[in-house]
Amino acid sequence: MNPTAIALLFGIGLFLIWWSCWAADESATRVVRRRGWMDRISDDLIQAGYAAIGPRALLSTCVLLATVTFVLVTGFVRVASIATCFAALLGAAPVMLVRAKARKRRTGLRDVWPDAVDNITSGVRAGLALPEALAQLAGRGPEELRPAFRRFAEDYRTTGRFHESLDLLKARLADPVGDRLVESLRMAREVGGSDLGRLLRTLSTFLREDARARAELETRQSWTVNAARLAVAAPWVVLAMLCTRPEAVQAYASRTGTLVLIGGGVCTLIAYRLMVRIARLPEEDRVLG
């Protein structure tokens, strides 16, 4: 072969190797980060009971609420910096409320998952097929999980496709424990579940111990989280009270007053995130979601 052609092919190969190590990886990383953030919001909406609301609708609500708050506060106090602070606080309120409700539901489900796993184990030991053992949770399982498993039973009766019904069940639950259970059952169905009963009993025991330990730790650390919330709310409540006095409002209309508000907002945000991160137990990620 011509030496020039060999050199050209060698150079193209080196360029493709360089391209795959840099440009493609950075692009893929950006997509994963953007997707993960939206997926977390979507999971919070499902867990909070707002499955019909999408992440974009929630973010649009935040923007609309922040805009309305800014207009109203500006019309009342005539100071844009104060209006911006309250607009940012109230604009973030929908996301915070959804996350709080989702966290509360995850805590409640943590206590009922062991009972659900025990029901599945009893059904398998009684000779029920795996889809039937799951479907019977629609009537015998914990109240919080019955709607999701009722939909699973309907999907399986309609399509007869177990794996697709499991995927829909996992999407409706949007729960890390549900992901582990679904993937364990999927694997048992694919490779043969001779040890399925032992696996389910082990999972049930682990879930009970984890729920007990988390309940004890959360009881002891709840005062720290409440203190963080009080520390965040107190300065802005005082600012709202000061807005009733015209002379106090004019003090924040200057450049120095704006810098004070910006510094206070940044310090409040950093302090709250640090206190909550230290005090709150880490949440389990949906690695298979």
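Here the structure is shown first, and the text comes after it.
Every chain begins its residue count from 1, and numbering advances along the sequence as written. Thresholds applied to this predicted model are a pLDDT of at least 70 for local features of residues and 80 or more for the giving and counting of side-chain atom pairs; totals over whole chains, interfaces and linings are not thresholded and use all residues. Only hydrogens and water are removed before side-chain values are computed, so all heavy atoms of the structure are retained for them.

Chemist: When you look at helix H11 (residues 196–242) in this model, what are you seeing that I'm missing?
Modeler: Every α-helix carries 3.6 residues per turn, so stepping three or four residues along brings you back to the same face. Between its first and last C-alpha, H11 extends 64 Å over 47 residues, near the 69 Å set by a 1.5 Å rise per residue. In this analysis the local bend is the angle between axes fitted, respectively, to the seven residues ending at and the seven residues starting at the residue. A run of H or I in DSSP becomes a helix once it reaches four residues, and a run of E becomes a strand once it reaches two; helices and strands are each numbered from the N terminus. In the structure, H11 departs most strongly from a straight axis at Gln221, where the bend amounts to approximately 45°. To estimate how far a helix should reach, multiply one less than its number of residues by 1.5 Å.

Chemist: It is not clear to me how the pattern of salt bridges should be interpreted in this structure. Could you clarify?
Modeler: One side-chain nitrogen of Lys or Arg within 4 Å of one carboxyl oxygen of Asp or Glu is enough to make a salt bridge. Per the stated rule, a full pass over the model turns up 12 salt bridges. For Arg186, the salt bridge identified is with Asp167, shortest N-O distance 2.7 Å. Of this pair, Arg186 sits in helix H10 (residues 176–191) while Asp167 sits in helix H9 (residues 162–173); the two residues are 19 residues apart in sequence, bridging distant segments of the chain. When the shortest N-O distance is used, the salt bridge between Glu247 and Arg245 registers 2.7 Å. Assessed through its relative accessible area of 48%, Glu247 is described here as partly exposed. Taken together, the shared-partner salt bridges connect Asp167, Lys170, Glu183 and Arg186 into one network. Throughout, exposure labels follow a simple rule: accessible area from a 1.4 Å probe, protein chains only, divided by the maximum for the residue type, with under 20% read as buried, over 50% as exposed, and the rest as partly exposed.

Chemist: Would you explain the packing of aromatic side chains in this entry?
Modeler: How two aromatic rings sit relative to each other is given by the distance of their centres and the angle of their planes. Pairing of aromatic rings covers Phe, Tyr and the six-membered ring of Trp, with a centre-to-centre limit of 6.5 Å; geometry is then stacked below 30 degrees between planes, edge-to-face above 60, and tilted otherwise. Summed over all chains, the structure comprises 3 aromatic pairs. An angle of 15° between the planes, with centres 6.4 Å apart, marks the rings of Phe152 and Tyr156 as stacked. Separated by 4 residues within a single helix, Phe152 and Tyr156 lie in helix H8 (residues 146–159), roughly one turn from each other. According to the relative accessible area criterion, Tyr156 is partly exposed, its value standing at 25%. Ring centres of Phe152 and Phe162 lie 6.2 Å apart, and the angle between their planes is 80°; this geometry places the pair in the edge-to-face category. Residue Phe152 is located in helix H8, and its partner Phe162 is located in helix H9; the two are separated by 10 residues in the primary sequence.

Chemist: Looking at this structure, I do not really get a nonpolar patch on the surface. What am I missing?
Modeler: A cluster of nonpolar side chains, Leu259, Ile262, Val266, Ile270, Leu274 and Ile278, forms an exposed patch at the surface whose accessible area comes to about 610 Å². Position of Ile270 relative to the elements: it lies in helix H13 (residues 255–279). Surface patches are defined over residues having more than 30% relative accessible area and no salt bridge, joining like charges when they lie within 9 Å and nonpolar side chains (Val, Leu, Ile, Met, Phe, Trp, Tyr) when within 5 Å. Accessible surface is estimated by sampling points in the Shrake-Rupley manner with a 1.4 Å probe; for residues, cover comes only from the protein chains shown.

Everything listed is a geometric property; what it means functionally is a separate question.
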